[in-house]
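# Survey of secondary and tertiary structure
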Amino acid sequence: MGNKQPTRRPAIQLKVKTILNRIQHFAGFVYREIRFRNQGSSLRIDVHVEAHAAMAAKCADCLEPAPGYDRLPERSWLFVPLWGIRTDFRYAPRRVQCAQHGIGVEHIPWSVGKRPVTTAMMAFLARWAQRMSWRETARTFHTSWEAVYRSVQWFVQWGLAHRQLESVESIGIDEIHWSKGQRSANFLTVIYQIDRHCRRLLWVGPRRTQATLRRGLAALGPQVVSGLRFVCSDMWRPYLQVIAAKVQHALHVVDRFHVTMNLNQALDQVRRAESGRLRGQPIAARLKKMRWKLLRRGSRVRGHARVKLNALLASRLATGRAWNLKESFQQFWRYKSVWWAGGFLDYWCERAMRSRLEPMKRIARMLQAHDELLLNWFRARGEVSSGAVEGLNNKIRVVTRRSYGFRTYHAMELALYHNLGRLPEPQLTHEFC
Ligand SMILES: [Zn+2]
């Protein structure tokens, strides 16, 4: 009888309230009504929230139910826009009298502190701020740069407070140049984790002094520092001293990427000095437009560039001799035994010292002074990746150059953690983006 008839259901109207209850239900609160509001010429949506009549408010400190004290005036929180329309939560918070914590504002699950933006919207903005510039994020979602900045700040602070640092074994320490100028304020010190299973930015601080690195290591904490097995860095003296003092138990490696960079700088100094000396003479033409051909690895210079390079090498110019020294150092990294690598290092440094090229002699002296750190590269072989620091540096440049419209150092620091820190994210009931 009745079973044979298809049951008739009343048509269910999908309302905004239904959607909100489905994706973001907060126990103890109800969505009372959702209304349009005209603010000047622009349309807005107000989501009016109300406390559940039968449930007590909770103390914000201990999350325990507490008797009500009084009610504050209505506040509003920016929510994720619906169909591009600015949307706000509106609610008049209660104050509670907690037996333990005294009188205070109740726990409001969509809110953090006094921030005028819901956590859902902060996470939404922060995620978009990883994909495009902060300015663009603000413009796209009809909010301010300031709101994007505060959202990223909350997101990053949450991530830093909840990240796991237990398994850090290898770190790379480096200096990064940013903004214009060569003053010490234009440098950053970065500490990366460069383990095979996890590569990320652990810490960043302004300047590149001993004090900077000391602060960085202190921020990681004694437990992380004592668990380190490998430290990679260049030969920047302040870093060497701090590493020797603070991380003496780990194997300190000067990595290949930095040595190559130093050799290239020396070669470039020789080339610049020589083109200056030879200005006006026909032979100077050999040095024209050679900078990048000289700095590339020799095996990667092909075709017409190779012909020009060969002509330069045949001309017995100082630049050619410097190039030969730079290129022959590649052999160093191919050794299997520390002993043979050490022999090669001595031989190479002797050649460089006899080269009468001051920049090359300076490199040789530096390499000799730190020969143990160089040879540690062979002792750590297979454990420390030589490309990790270079790769992370390149990613940092993408962030510092992208037009985030950073107004302060602090904003850039946040962007670096946000993009390179691989931070955990706060869990929300719904993925808005
Ligand atoms: Zn309490």
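Please read all numbers here as calculations on a predicted model, not as lab measurements. (Residues numbered from 1 in each chain as written. Predicted model: local features only at pLDDT ≥ 70, side-chain atom pairs only at ≥ 80, totals over all residues. Heavy atoms only, no water.)

## Details of unusual backbone geometry
Unlike most non-glycine residues, leucine 63 shows phi in positive territory, near 60 degrees. Inspection of the secondary structure assignment puts leucine 63 in the loop between strand E2 (42-51) and strand E3 (68-71). Positive phi is not limited to glycine here, since arginine 207 has a value of about 70 degrees. Tracing the chain through its elements places arginine 207 in the loop between strand E10 (198-206) and helix H5 (210-220). (Helix = DSSP H or I, 4+ residues; strand = E, 2+ residues; numbered from the N terminus.)

## Quick look at the pairing of E2
Most of E2 is tucked away: 7 of the 10 residues are buried. Counting the residues that bridge the hairpin from strand E1 (residues 29-39) to E2 gives 2 residues, and of these glycine 40 lies at a positive phi of roughly 65 degrees. Of the pairings in the sheet, the one linking E2 to strand E5 (residues 85-91) comprises 5 bridges and is parallel in character. Its bridge partner lying in E5, isoleucine 45 is registered against threonine 87. (Buried < 20%, exposed > 50% of the residue type's maximum accessible area, 1.4 Å probe, protein only. Pairing = 2+ DSSP bridges.)

## Describing the side chain of histidine 370
Tracing the sequence through the fold places histidine 370 in the loop between helix H13 (358-369) and helix H14 (371-379). Residue classification places histidine 370 among the buried positions, given a relative accessible area of 15%. Apart from residues no more than four positions distant in its own chain, histidine 370 is found in contact with Met235 and Leu240. (Contact = heavy atoms within 4.5 Å.)

## Details of the sheet that holds strand E12 (residues 251-254)
The mixed open sheet is built from 5 strands, whose spatial order is E10-E9-E8-E11-E12. Each end of this open sheet is capped by a strand with a single partner; those strands are E10 and E12. Within this sheet the neighbouring strands show an average axis-to-axis angle of 20 degrees, counted without direction. With 4 bridges joining them, strand E11 (residues 230-233) and E12 adopt parallel strand pairing. Paired with cysteine 232 across the strands is valine 253, a residue of E12. H5 rests against strand E8 (170-177), strand E9 (187-195) and E10 of the sheet, and its axis sits at about 130 degrees to E10. Sheet contacts for helix H7 (residues 237-246): E8, E9, E11 and E12; angle to E8, the most-contacted strand, approximately 155 degrees. (Axes fitted to C-alpha atoms, helices over the stretch in contact; angles between N-to-C directions.)

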